[in-house]
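Spelled out, the chains give:
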Amino acid sequence: MNQKRKYKTYSKEFKEEAVALVTDQGYSVAEAAEAVGVNPNQIYKWKDHLEAQASGVALSDNERAELIKLRAENKRLKMEKDILKKASAFFAKEMK
């Protein structure tokens, strides 16, 4: 009974086409959701996300990947700095 729930994943193109049904072709959200086979709330979420990306509020996929890379590099640099700080304190104590 401890099975993980499997969620459907949709491509970026699929999401854009579903939202385009509402924004460009004049379908209601309920009609578009029924046509593509998803929950209407999902189309609202996709529409909000695409609008946020267009206005510059949300991160694009490239920006998100770069942010992840920079966070990992930042974490590594902090660890290196801490190691050097501890080593210098150790050698300063040994010199006395």
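In the block above lies the structure referred to throughout.
Now for a look at the structure at hand. (Residues numbered from 1 in each chain as written. Predicted model: local features only at pLDDT ≥ 70, side-chain atom pairs only at ≥ 80, totals over all residues. Heavy atoms only, no water.)

### What to know about the packing of aromatic side chains
Working definition: an aromatic ring pair is given by the centre-to-centre distance plus the angle between the planes. In total, this model carries four aromatic pairs according to the counting rule given. Taken together, a centroid distance of 5.4 Å and an interplanar angle of 70° make the contact between Tyr-10 and Trp-46 edge-to-face. Here the residue Tyr-10 occupies a position in the segment before helix H1 (12–23), and Trp-46 occupies one in helix H3 (residues 40–55), the gap between them amounting to 36 residues. Assessed through its relative accessible area of 7%, Trp-46 is described here as buried. Aromatic ring contacts, followed pair by pair, group Tyr-10, Phe-14 and Trp-46 into a single cluster. (Phe/Tyr/Trp six-rings, centres within 6.5 Å; stacked < 30°, edge-to-face > 60°. Helix = DSSP H or I, 4+ residues; strand = E, 2+ residues; numbered from the N terminus. Buried < 20%, exposed > 50% of the residue type's maximum accessible area, 1.4 Å probe, protein only.)

### Some thoughts on the packing of helix H2 (residues 29–36) against H3
The geometry of H2 relative to H3 is characterised by a closest axis approach of 8 Å and an angle of 105° between their N-to-C directions. One way to sum up the angle between H2 and H3 is to call them roughly perpendicular. Judged by residue contacts, Val-29, Ala-30, Ala-32, Ala-33 and Val-36 of H2 engage Pro-40, Ile-43 and Tyr-44 from H3. Considered class by class, the residues forming the contact of H2 with H3 number eight nonpolar, no polar and no charged. (Axes fitted to C-alpha atoms, helices over the stretch in contact; angles between N-to-C directions. Parallel < 35°, antiparallel > 145°, perpendicular 65-115°, else oblique. Contact = heavy atoms within 4.5 Å. Nonpolar A, V, L, I, M, F, W, Y, C, P; charged D, E, K, R; others polar.)

### Overview of the packing of H1 against H2
Relative to each other, H1 and H2 sit at 140°, their axes nearing to 8 Å. Classified by chirality, the crossing of H2 by H1 is right-handed. Packed against H1, whose contacting residues are Phe-14, Ala-18, Leu-21 and Val-22, the element H2 presents Val-29, Ala-32 and Val-36 at the interface. Counted by class, the contact of H1 with H2 contains seven nonpolar, no polar and no charged residues. (Left-handed = near helix turned anticlockwise from the far one by under 90°.)

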